[in-house]
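# Reading the structure
Read off the chains here:
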Amino acid sequence: MEIGFIGLGNMGRGMAANLLRAGHRVTVYNRSPGKAEALVGHGANAAGSVAEAADADVVFTMLADDPAVEDVTLGAGGLVASLRPGATHVSSSTISVALSERLAAAHTAADQDYVAAPVFGRPEAAAAATLFVVAAGARRVLEPMLPLFEAIGRRTFVVSEQPHTANLVKLSGNFLIASVIESVGEAVALVAKAGVDRSQYVDILTSTLFSAPAYQTYGGLIARREFEPAGFAARLGLKDIRLVLAAAEQLQVPLPVASLLRDRLLTLVATGGGELDWSALATLADRDAGTGSDHPA
Ligand code: NAP
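Rules used throughout
- Residues numbered from 1 in each chain as written.
- Predicted model: local features only at pLDDT ≥ 70, side-chain atom pairs only at ≥ 80, totals over all residues.
- Heavy atoms only, no water.
- UniProt positions renumbered as here; feature names shortened; annotations may be inferred.
- Helix = DSSP H or I, 4+ residues; strand = E, 2+ residues; numbered from the N terminus.
- Near = heavy atom within 4 Å.
- Polar contact = N/O pair within 3.5 Å; in protein donor to acceptor, adjacent residues only side chain to side chain.
- Buried < 20%, exposed > 50% of the residue type's maximum accessible area, 1.4 Å probe, protein only.
- Pairing = 2+ DSSP bridges.

The protein chain has the name NAD(P)-dependent oxidoreductase in an unreviewed UniProt entry, where Mycobacterium servetii is given as its organism. Its UniProt record gives the protein chain a comment under Sequence similarities (unreviewed entry), which states: "Belongs to the HIBADH-related family."

We now examine the UniProt feature "domain: 3-hydroxyisobutyrate dehydrogenase-like NAD-binding" (unreviewed entry) in the protein chain. Mapped onto the present numbering, the UniProt feature "domain: 3-hydroxyisobutyrate dehydrogenase-like NAD-binding" (unreviewed entry) falls at residues 166–283. Between the end C-alpha atoms of residues 166–283 there is a gap of 32 Å, over a span that is 74% helix and 0% strand.

Another point: the site of the ligand. Around the ligand sit 27 residues, and of these Asn 30, Ser 32, Lys 35, Gly 231 and Lys 239 come closest. For the ligand, an oxygen atom lies 3.4 Å from a polar atom in the backbone of Gly 9. Leu 63 is positioned such that a nitrogen or oxygen atom in its backbone is 3.0 Å from an oxygen atom of the ligand. For the shell around the ligand, the secondary structure elements donating two or more residues are α4 (66–74) and α13 (234–250). Considering each element in turn, the shell around the ligand owes the most residues, 4 residues, to α13.

So, on to the pairing of strand β8 (residues 131–136). In terms of burial, β8 is largely enclosed, as 5 of its 6 residues are buried. Across 2 bridges, the pairing between strand β7 (residues 119–120) and β8 is antiparallel. Its bridge partner lying in β8, Val 119 is registered against Val 133. Sheet analysis places β8 next to strand β9 (residues 153–160), joined by 6 bridges and oriented parallel. Bridged to Val 134 within β9 is Phe 157.

This is how it looks when you write it as structure tokens:
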């Protein structure tokens, strides 16, 4: 298949590489030049513009946030203006439910197809093709995309024919991950202040009742205080908690824990931690406990 891939950040570069590995013709585009070079070395074509990357059957976007996806999709020379009729936009960024609804309407009006396919998994999983893809869209449009999702992930969950439902499921998952980070950070600060070794404590948790990947990954990062380089930057985590709160407000579902997480992430970002991994939320618990902080709070 002819595939365009827009957004070669931490996640996008691994996903594009795996589509190439699966034998597809992939044309890549990134706003800042230079990020396409490694992929070109592996056989990708480099596009000079969004419109050039859109000359394909399917175009993936893996961009930072709503403004980026809005710009690339709805802006002048964007995907809606450039994709041929019948071509499909696969939107994998973690974006708002509201924007996903707008993208679906804009593509439909232009006789193009749209699928939301956000992912669970960090950059290591993107590179190793072990992401979990949460997909939604019309069955007719989604089915031909399934082999592409197999190329980037270990399992695909089709949740609805309404694309924005996949975005809601993804946002709800990130709300839970942030809850895990905050609560593990608090628990580690508690026991560390009493002299318990952080790594041993996380080992106890993850070897007993808390063996899920979220506890293993984030417990490990918190125990090692390994907040740089960011696999998922705190500024993006704050974006996701804002988006889950917006979706919850729209549906009139109170999420009191998400409101607290918004303030914790805002504190982290406001005190210079926006580019740290969002597991650096744990530094706030350390600071509050007087057990020290690696970050300039
Ligand atoms: P990232 O490393 O910060 O990359 C962001 C990408 O978006 C870059 O290619 C950047 O281009 C591009 N971009 C930003 N603003 C733009 C604009 N206005 N116009 C065009 N391009 C723009 O982010 P990431 O970690 O790959 O995450 C990408 C998406 O996946 C986000 O929605 C994130 O929430 C989601 N996600 C991330 C993870 C994770 O663990 N990292 C996991 C699951 C989902 P430049 O190179 O020019 O800045």
